[in-house]
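Breakdown of the fold
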Amino acid sequence: MDQFTPDRQSLYHYKLDRILGEGGTGRVYRAIDTKKGEVVAIKLFRENFFRNKLHLRDLVKSVKRFKKYDHPNVVRVLDFIDGEDGRCMIMEYIDGPDLKWYIQNRPWHLQERLGIVGQICSGLQYLHDQKIIHHDIKPANILFTRTGVAKLADFSLYGASLLLELIDKGAGEQITPMYVPPEIIRGDSPTPQSDQYSLGITMYLLFAGHLPFQVDNLQRLYQCHLQVVPDPPNHENPNCPQALSDIIMRTLSKKPSERFSDCDMLRIALSKLGQSRI
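Since we're looking at a predicted model, the values are computed, not measured. (Residues numbered from 1 in each chain as written. Predicted model: local features only at pLDDT ≥ 70, side-chain atom pairs only at ≥ 80, totals over all residues. Heavy atoms only, no water.)

**Thoughts on the pattern of salt bridges**
In this structure the tally under the stated criterion is 10 salt bridges. One salt bridge in this structure joins Lys-67 and Asp-79, with 3.9 Å as the shortest N-O distance. Of this pair, Lys-67 sits in the loop between helix 1 (53–66) and strand 5 (77–83) while Asp-79 sits in strand 5, and the two are 12 residues apart along the sequence. Given a relative accessible area of 42%, Lys-67 falls into the partly exposed group. Taking the relative accessible area as the measure of exposure, Asp-79 reaches 29% and is therefore partly exposed. (Salt bridge = Lys/Arg side-chain N within 4 Å of Asp/Glu carboxyl O. Helix = DSSP H or I, 4+ residues; strand = E, 2+ residues; numbered from the N terminus. Buried < 20%, exposed > 50% of the residue type's maximum accessible area, 1.4 Å probe, protein only.)

Now the structure itself:
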């Protein structure tokens, strides 16, 4: 059995045919809905993922609300099942690679990359308009369809609950350390600008060619997020225009108030850049 072969044949009324990935929160399968004949993605959560009953209840409530939402740059959430086989989320299946693969394999093309970030901004703005904070923007959580549409995946549906944040501070701390905003390290509640910082780290990698803080010590990494201003991307990659470098550096401001007011404003700034002769 290879790493992609499912460890079980079925989950509720879904036939599992491939393991898509696995992380700290659970395992994701590609599956066939035997009732509808549709291909879906199923995330089976680890037994210890849910910290308390409020955590679970808030997620279930958010899934019911989010099922009504539909945006081309956000992976659709279809259902949540809590039963004997485990707790799992049913999602839209995306048939292409992620942004991590794109960065490692695609040639550097400025306008193409600007277009991708514009799509990400559109998806994030939609989430923020629904009072949802992603919490974990990074290349592995940005997926592509075969036609090149970028979609945000693996967002924290329970992140909008003020009550949950007050009772369980750990609910907002799932961000990958390399992409964590300084205000989260300080213990502040996440905001839409927190997602913008994580997107800024992603943009730095996309346009500079490497991450802004190249350290292998977690404490030192957090110190960098809190105190160190990275070299501008155009200093690292001459193909990155000055104006784009300035935009990226603004998203990486240590103070959330110094970033863009929202992702729409960031997208507009990038679109103006894309229209200019650079």
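**Topic: the environment of Phe-260**
With respect to the helices and strands, the residue Phe-260 is situated in the loop between helix 9 (242–251) and helix 10 (263–275). Considered as a pair, Phe-260 and Arg-250 are 10 residues apart in the sequence and their alpha carbons are 7.3 Å apart.

**Description of the pairing of strand 6 (residues 86–92)**
Within strand 6, six of the seven residues are buried, leaving the element largely enclosed by the surrounding structure. As judged from the five bridges shared by strand 4 (residues 39–45) and strand 6, these two strands associate in the antiparallel manner. For Leu-44, the partnering residue across the bridge sits in strand 6 and is Cys-88. Taking the residues between adjacent antiparallel strands as the criterion, strand 5 and strand 6 are bridged by two residues. (Pairing = 2+ DSSP bridges.)

**Looking at the confidence of the model for the protein**
For the protein, per-residue confidence averages 87 on the pLDDT scale, and residues scoring 70 or more make up 90% of the total. The low-confidence segment residues 158–173 (pLDDT under 50) makes 32 contacts with residues lying over four places distant or belonging to another chain. (pLDDT = per-residue confidence, 0-100. Contact = heavy atoms within 4.5 Å.)

**Details of the state of the cysteines**
Overall, the coordinates contain zero disulfides when judged by the stated rule. Unpaired in this structure, Cys-121 has its nearest cysteine sulfur neighbour in Cys-263, at a distance of 5.2 Å. (Disulfide = S-S within 2.5 Å.)

**Some remarks on the packing of helix 6 (residues 192–208) against helix 9**
Direction vectors running N to C along helix 6 and helix 9 enclose 145°, while the axes themselves pass 8 Å from each other. Helix 9 is crossed by helix 6, and the crossing has left-handed handedness. Each of Gln-196, Tyr-197, Gly-200, Met-203, Tyr-204 and Phe-207 in helix 6 lies in contact with helix 9, whose residues at this interface are Leu-244, Ile-247, Ile-248 and Thr-251. Across the contact of helix 6 with helix 9, the residue classes break down as seven nonpolar, three polar and no charged. (Axes fitted to C-alpha atoms, helices over the stretch in contact; angles between N-to-C directions. Left-handed = near helix turned anticlockwise from the far one by under 90°. Nonpolar A, V, L, I, M, F, W, Y, C, P; charged D, E, K, R; others polar.)

**Some thoughts on the side chain of Thr-145**
Its place among the elements puts Thr-145 in the loop between strand 7 (142–144) and strand 8 (150–152). When its relative accessible area of 16% is taken as the criterion, Thr-145 is described as buried. A polar contact is formed between the side chain of Thr-145 and the side chain of Thr-147, at a distance of 2.9 Å. Excluding residues that lie within four positions of it along the chain, Thr-145 makes contacts with Ile-94, Asp-95, Gly-96 and Lys-151. (Polar contact = N/O pair within 3.5 Å; in protein donor to acceptor, adjacent residues only side chain to side chain.)

**Side note on helix 7 (residues 218–227)**
For helix 7, the complete set of buried residues consists of Leu-221, Cys-224 and His-225. Buried positions in helix 7, seen along its axis, are confined to an arc of 95° and lie on one side of it. In helix 7, the exposed positions that point more than 90 degrees away from the buried face belong to Gln-219 and Gln-227. On its buried side, helix 7 packs onto helix 5 (182–185) and helix 6. For helix 7, the side-chain oxygen to backbone nitrogen distance between the N-cap and Gln-219 is 3.0 Å, and the N-cap itself is Asn-217. (Arc of directions from axis to C-beta.)

**Considering the packing of aromatic side chains**
On inspection of all chains with the given rule, the structure shows five aromatic pairs. An angle of 90° between the planes, with centres 6.1 Å apart, marks the rings of Tyr-69 and Tyr-126 as edge-to-face. Taken together, the residues span a long stretch of sequence, with Tyr-69 in the loop between helix 1 and strand 5 and Tyr-126 in helix 3 (residues 110–129) at a distance of 57 residues. The class for Tyr-126 is buried, based on a relative accessible area of 16%. Seen from their ring centres, Trp-108 and Phe-207 are 6.3 Å apart, and the 80° between their planes marks the pair as edge-to-face. Taken together, the residues Trp-108 in the loop between helix 2 (99–105) and helix 3 and Phe-207 in helix 6 connect sequence positions 99 residues apart. On the accessibility criterion, Phe-207 (0% relative accessible area) is buried. The ring of Phe-260 carries the charged tip of Arg-250 above its face, separated from the ring centre by 4.0 Å. (Phe/Tyr/Trp six-rings, centres within 6.5 Å; stacked < 30°, edge-to-face > 60°. Lys NZ or Arg CZ within 6 Å of the ring centre and 35° of its normal.)

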